[in-house]
Amino acid sequence: MDADNLPAMLSLPTDLQQGIEQALATVPTVKWIREAQALSERYRGSRLAGRKPLATGDAQVLGYAALILPATYAQLVGAMHATATQVPEWHPQTMLDLGSGPGTALWAALSQWPTLQSLTAWEREPAFIALGQQLAGGSTIPAIRETHWKQADITHTVPSVAYDLVVLGHVLNELDSTMRQTVITNAWQVTKGILLIVEPGTFDTFAVVRTARDALINQGAHTIAPCVHNTPCPLQNDWCHFPQRLKRPPFQRRARGAPSEWEDSKFSYAAMARFQPPQSTWGRIIREATSNKAYAETTVCTSTEIMRYRALKRHREAFKQVKKLRWGMLLDEPLI
């Protein structure tokens, strides 16, 4: 099973949280809360590809930082941790974040791969770049402070050098199918090691991730995570997603108008590599285990099928084993 060295509940890095708090303090509280709530309405609306950017301008970008950034950070860390677990001997040194926003993936990546030394962030919106540079300037990590920022439209501009790690986080769902394919092809072209795609964990966004994974397999990529195989996804009328629990910072609770101090931020992802994974795994838990008075059950993606495993309560050891299984856990061998 995978190494469990990720906290059960993530918090934003202290320097990142403080940086956001300082940025929010430059405008009246009512203003960034209003922008965050307006952003929430746009975010929950139909995510039609080709629509206007989710956030533009300084005020909207602050609303994004208050509301969306913390959950995005949790999703990225969850996907990166699952990837790093599968390739423990892989130590990337260079990273390209395409469609970087305020650079959330940069902070997430350094939490998993401290070997990263050179970071590059491409972003179209000047306000996101300005905030990203401001936040990066307050980081305790030199690589983040020294990030190379570039204003670029990733649907029309192709990087000229290759990177160990390339990230497309919350990007593909904002594009139409033709642009998605262009961005995926261009991103893969400059990937020396792993291309990581992360999207919110919804039925529609999973379809985007699955299509991207299929396209990359056709270009010779090897699946590192979450799938334990390198064949088309066998799920039917369902979607593969995972949760990462986040301790909400105070500004996010205010922006969301939510009293709860935590949330489970769900995501779908695909980590695709130029190399084959160094080890094979039998399966991954892709649903939260449930139980009742008669049985406990869960769903496992194996190298050959999607299987629902049920253990009757009278079979005590098997019943207890299934109840303890965690959503997203890797299994080295079949359940008893």
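Predicted, not measured: the structure shown is a model, and the values here were computed from it.

K.L.:
Let's hear about empty space enclosed by the protein: which residues, and what values?
P.N.:
Sizing a probe to match a water molecule and rolling it over the atoms shows the empty space that remains. Taken as a whole and judged by the stated rule, the model has 2 cavities of 30 Å³ or more. The space that makes up the largest cavity amounts to roughly 170 Å³. Residue lining of the largest cavity: 18 residues in total, with Phe206, Pro226, Cys227, Cys233 and Cys240 positioned closest to the centre. Elements with a minimum of two residues in the lining of the largest cavity: helix H9 (203-218) and strand E8 (262-273). The dominant element in the lining of the largest cavity, judged by the number of residues it contributes, is H9, at 4 residues.

K.L.:
Can you tell me about the pairing of strand E1 (residues 94-98), naming the residues and giving the values?
P.N.:
For E1, the tally of buried residues reaches 4 of 5 residues, placing the bulk of the element in the interior. Sheet analysis places E1 next to strand E2 (residues 118-123), joined by 5 bridges and oriented parallel. Bridged to Asp97 within E2 is Ala121. Across 4 bridges, the pairing between E1 and strand E4 (residues 163-169) is parallel. Bridge assignment links Leu96 to a residue of E4, and that residue is Val166.

K.L.:
Which residues make up the pattern of salt bridges, and what values do they have?
P.N.:
Taken as a whole and assessed by the stated rule, the structure comprises 8 salt bridges. The shortest N-O distance in the salt bridge between Glu125 and Arg124 comes to 3.4 Å. For Arg245, the salt bridge is made with Asp264, and the minimal N-O distance between the two is 2.9 Å. Highlighted residues: Arg245 in strand E7 (residues 242-247) and Asp264 in strand E8, separated in sequence by 19 residues. Relative accessible area serves as the criterion here: at 31%, Asp264 is assigned to the partly exposed category. Residues joined by salt bridges that share partners form a network here, namely Arg248, Arg256 and Glu263.

K.L.:
Describe helix H11 (residues 316-324), and please don't skip the residues or the numbers.
P.N.:
For H11, every residue scored as buried is listed here: Ala318, Phe319 and Val322. The buried residues of H11 occupy an angular sector of 100° when the element is viewed end-on, so they sit on one face. Exposed positions of H11 whose direction lies more than 90 degrees from the buried face are Arg316, Glu317 and Lys324. Buried residues belonging to H11 abut strand E10 (290-291), strand E11 (295-302) and strand E12 (306-312).

K.L.:
Outline the environment of Gly57, listing residues and values.
P.N.:
Take Gly57: it is sitting in helix H3 (residues 57-67). Taking the C-alpha atoms as reference points, Gly57 and Phe128, 71 residues apart in sequence, are found 8.0 Å from one another.

K.L.:
Requested: an account of the packing of aromatic side chains, with residues and values cited.
P.N.:
Using the criterion set out here, one finds 7 aromatic pairs in the structure. Where Tyr64 meets Phe128, the ring centres are 5.0 Å apart and the plane angle is 80°; that geometry is what we call edge-to-face. A residue pair is termed long-range when its members are at least 10 positions apart, and Tyr64 in helix H3 and Phe128 in helix H6 (residues 126-137) qualify at 64 residues. Within the aromatic cluster, the residues linked to one another by ring pairs are Trp90, Trp113 and Phe275. Over the aromatic face of Trp188 sits the side chain of Arg274, whose NZ or CZ is 4.0 Å from the ring centroid. Here Arg287 stacks its cationic end above the ring of Trp239, 5.9 Å away from the centre of that ring.

K.L.:
Tell me about the nonpolar core, and name the residues and values.
P.N.:
Membership of the largest hydrophobic core comes to 72 residues, with the highest contact counts inside it found for Ile20, Met80, Met95, Leu165 and Tyr269. Sorting elements by how many residues they give to this core places helix H4 (residues 69-86) first, with 9 residues. Sequence-distant contacts of Tyr269, that is, excluding residues within four places in its chain, are made with Ala79, Ala82, Thr83, Leu196, Ile197, Val198, Val209, Ala225, Pro226, Phe242 and Arg284.

Reading the values: rules and limits
- Along every chain, residues carry numbers that run from 1 in the direction the sequence is written.
- Only residues with pLDDT of at least 70 get local features here, since the model is predicted, and only at 80 or more are side-chain atom pairs given and counted; chain-wide, interface and lining totals rely on the full set of residues.
- Only hydrogens and water are set aside; all other atoms, that is, all heavy atoms of the structure, feed into the side-chain values.
- The method works on a 1 Å grid over the protein atoms by themselves. A cavity is a set of points holding a 1.4 Å probe that cannot get out, a pocket is an open set with protein on both sides within 12 Å along at least five of seven lines, and residues with an atom within 4 Å of a point line them.
- Grid points are joined across faces, edges and corners, and a volume is the space filled by probe spheres set on the points.
- A run of DSSP states H or I qualifies as a helix once it reaches four residues; a run of E qualifies as a strand once it reaches two. Both are numbered from the N-terminal end.
- Each residue is assigned to one of three classes by its accessible area relative to the maximum for its type, calculated with a 1.4 Å probe on protein chains only: buried under 20%, partly exposed between the two thresholds, exposed over 50%.
- By this definition, two strands are paired if DSSP reports at least two bridges between them.
- Salt bridge criterion: a side-chain nitrogen from Lys or Arg within 4 Å of a carboxyl oxygen from Asp or Glu.
- The arc refers to the directions leading from the helix axis to the C-beta atoms.
- What makes two residues a contact is simply this: any of their non-hydrogen atoms within 4.5 Å.
- Aromatic rings from Phe, Tyr and Trp, with only the six-membered ring used for Trp, were paired whenever their centres fell within 6.5 Å, and each pair was classed as stacked if the ring planes differed by under 30 degrees, edge-to-face if by over 60, and tilted otherwise.
- Look at NZ for Lys and CZ for Arg. If either is within 6 Å of the ring centre and within 35 degrees of the ring normal, a charge sits over the ring.
- The criterion is simple. A nonpolar core is a set of buried Ala, Val, Leu, Ile, Met, Phe, Trp, Tyr and Cys residues joined through side-chain atoms within 4.5 Å.

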